[in-house]
Structure formats: structure tokens, C-alpha cells
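# Remarks on the overall topology
Single-letter residue listing:
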Amino acid sequence: MHRIIVANRRGHQVVEWEITDTEEAREQIAAAERILREAREQGCVVSKKVGGQHVLDDGPFDPQVEEYQIIAPIAGG
Amino acid sequence: MGLADFWRKLFGRASPEDDALLAALPVERPWRQRWEYLPKRSAGPDFTSRDYAEARARAREVARATLGDALWDEVQRRGYLELPSRRFPGVTYRLRIGRRIEVRCARGVRPPWRQPFLCINPTYPLPEEEFFAHLYLYVRDREDQIIRVAAPQPWDQALGRTF
């Protein structure tokens, strides 16, 4: 199972998808891609797990990635 | 009440039932809302003390997973993590959970800011351990953004948008 960790005041919530050739999996992947795009459009940053470590990432959504995380925008003060 | 339930009540650990309930909720997308009206250190008037405890427990899990065990253990042991600046030679950022970033300079190095602390908050409320992991990623991978948004301050203080 692949996932996006959505950091929010609940601690976090998770959006998951599977890489299988089914309509359900395609819908899950489309939903995951939409939430990542929406978060970026609103100023959030995205990290992805690479070699067991999270790194900030500007690349397009890749359903093969094991884990993304939506990182809150920051402001001074 | 079993021992596991007592432990969860004491330390706010989410139970499997709590996790299932949360999973059934629609994912909250905090970037869709405005949060300026909230008092400092608050997650909102609808949040109960149990919600806070559960949120902090989940945040701890994800912060540890984000940083990895070695860094997580280090911050637990030392109380801070340090990252060297890639923009300012001789400058180190000291990050502590829920606090402003302390800017530390090697001997003879001129500080990039006149004030020693940088105040940086998330734009929406987050448990402080979760935001600590976010801030670590920003400082390590996006120092320019830190430099652009940071509000230099003369003293240390708890962050206002975390809890």
C-alpha cells in the first residue's frame, strides 16, 4: 500500500492507494494525485520517502512512490 | 478498564478504535480553511482535551518516521537538532520542538541576522512535534525559504501556531 500523509491538526490522516490494474486502484491514484496537486497550489510543500528518508520534492506525482507527506506552508512571526 | 486502555488514557495514545474512527472521517485539508482567528496554541474550539492528546500521539509517530530513528533519538536525548547553514559559512541552526530556531555562529563569524532567534510558524495549527519534523526538512532542503520568511527575534519563545 502506498500513501500520502496529510499533516493536519489531527496529527495526520492518510490517503492510500494500491498499484493494481483495477478501476478502484485507478480511482485511488487519481484521488491521491488530486490532493497532492491541490495542496501544492495552496502553498504546501511535498516530501517523499527516498531510501528510508523524507526529502522535499517538486516532481510530479508518481504512484510508485512508497510515501509522500504534505508539509505545511510556513510564515514568519 | 484494562491496562492498555489505562495507558492510552494516561498518555493519549490512540486506540485501534480511535484510529478506525479517524480513518472513517474525511481527510481534513487545512489549506482550505483560514486559521487566523484562532488563539495561539489552539487547534480550534471544537477540539477536546482527548483530541489534543490523540493528535500529539499521532504527530509523534509521524515525526519519528519523517526524521528517522537516529535523529528522533538525538532530539529526545539532547533536546535539539542542529543543521549547518549552506548559505552562511560558520552558521548553525539549532532546532527545538515547539520553539523558535536559534541561530548560532562560530567564533569570528558575523551573524546573518541582528537577532539570534528566528520565528517561523506553520500557516495552520499542527502538533509541535509534527511541525518540528517539517521545519527540519525546510532548513535542510529549502534554506532559502527559511531565510525569506523568517522573522528575527531577540528572545526565545514557544511557537504560536503549534500546540
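Scroll up to find the structure.
These remarks concern the structure in this document.

Residue and element names in this part refer to chain B. Summarising the element assignment, Glu-102 is placed in strand S3 (residues 101-105). For Glu-102, a relative accessible area of 18% gives the class buried. Residues Glu-102 and Phe-47 lie 55 residues apart in sequence; the distance between their C-alpha atoms is 31 Å. Apart from residues no more than four positions distant in its own chain, Glu-102 is found in contact with Thr-92, Tyr-93, Arg-94, Arg-96, Pro-116 and Phe-117. Side chain to side chain, Glu-102 and Arg-104 meet in a polar contact 3.1 Å long.

With 33 residues of chain A at the interface, the matching set in chain B holds 44 residues. A combined buried area of about 3,500 Å² lies between chain A and chain B, and 56% of that area is made up of carbon and sulfur atoms. Looking only at chain A, the three residues that lose the most surface to chain B are Arg9(A), Arg10(A) and Ile74(A), adding up to 26% of its buried area. Put simply, chain A and chain B have six salt bridges between them. Taking the shortest distance from any N to any O, the salt bridge between Asp51(B) and Arg10(A) comes out at 3.6 Å. At the boundary of chain A and chain B, one finds 22 residue pairs in polar contact (both at pLDDT 80 or more). Of the residues forming the side of chain A that touches chain B, the biggest block, five residues, is contributed by strand S4 (residues 53-57) of chain A.

For the rest of this paragraph, the subject is unusual backbone geometry. All names here are of chain B. In this structure, Arg-41 takes a positive phi of about 65° despite not being glycine. By the element assignment, Arg-41 lies in the loop between helix H2 (16-24) and helix H3 (49-67). Arg-41 gets classed as partly exposed once you look at its relative accessible area, which sits at 34%.

This model, assessed by the stated rule, comprises seven aromatic pairs over all chains. Seen from their ring centres, Tyr52(B) and Phe163(B) are 5.1 Å apart, and the 85° between their planes marks the pair as edge-to-face. Of the two residues, Tyr52(B) is situated in helix H3 and Phe163(B) in the segment after strand S5 (151-153); the sequence distance between them amounts to 111 residues. For the pair shown, Tyr52(B) and Phe163(B) are each scored as buried. An aromatic cluster is defined as three or more aromatic residues linked by ring pairs; in this entry it consists of Trp17(A), Phe61(A) and Tyr68(A). A cation over an aromatic ring shows up here: Arg87(B) above the ring of Phe88(B), its NZ or CZ 5.7 Å from the ring centre. Over the ring of Tyr80(B) we find Arg94(B); its NZ or CZ atom is 3.7 Å from the centre of that ring.

Cut-offs and rules
Residues numbered from 1 in each chain as written. Chains lettered and ligands numbered in written order. Predicted model: local features only at pLDDT ≥ 70, side-chain atom pairs only at ≥ 80, totals over all residues. Heavy atoms only, no water. Helix = DSSP H or I, 4+ residues; strand = E, 2+ residues; numbered from the N terminus. Buried < 20%, exposed > 50% of the residue type's maximum accessible area, 1.4 Å probe, protein only. Contact = heavy atoms within 4.5 Å. Polar contact = N/O pair within 3.5 Å; in protein donor to acceptor, adjacent residues only side chain to side chain. Buried area = accessible area lost by both parts, 1.4 Å probe. Salt bridge = Lys/Arg side-chain N within 4 Å of Asp/Glu carboxyl O. Phe/Tyr/Trp six-rings, centres within 6.5 Å; stacked < 30°, edge-to-face > 60°. Lys NZ or Arg CZ within 6 Å of the ring centre and 35° of its normal.

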